[in-house]
Amino acid sequence: NNPLSRVRATIAATLKSGLNFTLSTVSGDIDLLGEITGLGSYEVVHRLSSPLTVYRREINVLSLDGLERAKRAAGRMKDLLDLAEILEIRKQRGR
């Protein structure tokens, strides 16, 4: 019944019962998503991702195509506004 064991048990239960989490760090927030609207499960999202090196670590980042699909599916004003940014990135890349 030590307090640290209770904290660990609470964290484990939270992780098992949740799908999406936001972690706040000194470098900013990071969203951990088990599923993305318009795309589906982790497996689908992983297929639509590309590797990117961040702080000397390789991580997978959603492709522009995947990001655009997710933004359209979410349909919130802030997501729809992001579509203009995605279009601009595509223009700059010549696609």
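From a predicted model like this one, the values you see are computed outputs, not experimental measurements.

Any details on the environment of Arg72? Residues and values, ideally.
One can find Arg72 in helix α3 (residues 64-74). Relative accessible area serves as the criterion here: at 52%, Arg72 is assigned to the exposed category.

Go over the pairing of strand β2 (residues 28-33) with me, naming the residues and quoting the values.
As defined by bridge partners, strand β1 (residues 20-25) adjoins β2 across six bridges and the pair is classed as antiparallel. By the bridge assignment, Ser24 is partnered in β2 with Asp29. Count of turn residues in the β1/β2 antiparallel hairpin: two residues.

Which residues make up unusual backbone geometry, and what values go with them?
In this structure, Tyr55 takes a positive phi of about 50° despite not being glycine. Here Tyr55 is to be found in the loop between β5 (49-54) and β6 (57-62). With phi around 65°, Arg56 is a residue other than glycine that occupies positive phi space. With respect to the helices and strands, Arg56 occurs in the loop between β5 and β6.

A description of α3 should follow, citing residues and the corresponding values.
For α3, the set of buried residues is Leu64, Gly66, Ala70 and Lys71. Looking straight down α3, one finds its buried side chains confined to an arc of 160°; they lie on one side. Buried residues belonging to α3 abut β3 (35-36), β6 and α4 (77-93). Following α3 by one or two positions, Gly75 adopts a phi angle in the positive range, close to 70°.

Let's hear about helix α1 (residues 3-17): which residues, and what values?
Helix length check: α1, at 15 residues, gives a terminal C-alpha distance of 21 Å against a target of 21 Å (1.5 Å per residue), a fit within 8%. With a side-chain oxygen lying 2.6 Å from the backbone nitrogen of Leu4, the N-terminal cap of α1 falls on Asn2.

Definitions and cut-offs
Throughout this description, residue numbers start from 1 for each chain and increase along the sequence as written. Per-residue local features are limited, in this predicted model, to residues with pLDDT of at least 70; the limit for side-chain atom pairs, both in listing and counting, is 80 or more; totals at the level of whole chains, interfaces and linings are taken over all residues. Note: side-chain values were computed over all heavy atoms of the structure, leaving out hydrogens and water. Helix numbers and strand numbers start at the N terminus; a helix is a DSSP run of H or I with at least 4 residues, a strand a run of E with at least 2. To sort residues, take the accessible area from a 1.4 Å probe on protein chains only and compare it with the maximum for the residue type: under 20% means buried, over 50% means exposed, and anything in between is partly exposed. Two strands are counted as paired when DSSP detects at least two bridges linking them. The arc in question is the one spanned by the directions pointing from the helix axis to the C-beta atoms. We call two residues contacting when some pair of their heavy atoms lies within 4.5 Å. For a helix, the expected span equals 1.5 Å multiplied by the number of residues minus one. Polar contact criterion, stated in full: a pair of N or O atoms within 3.5 Å, where within protein one must be able to donate a hydrogen and the other to accept it, and residues adjacent in sequence count only if both atoms are side-chain atoms.

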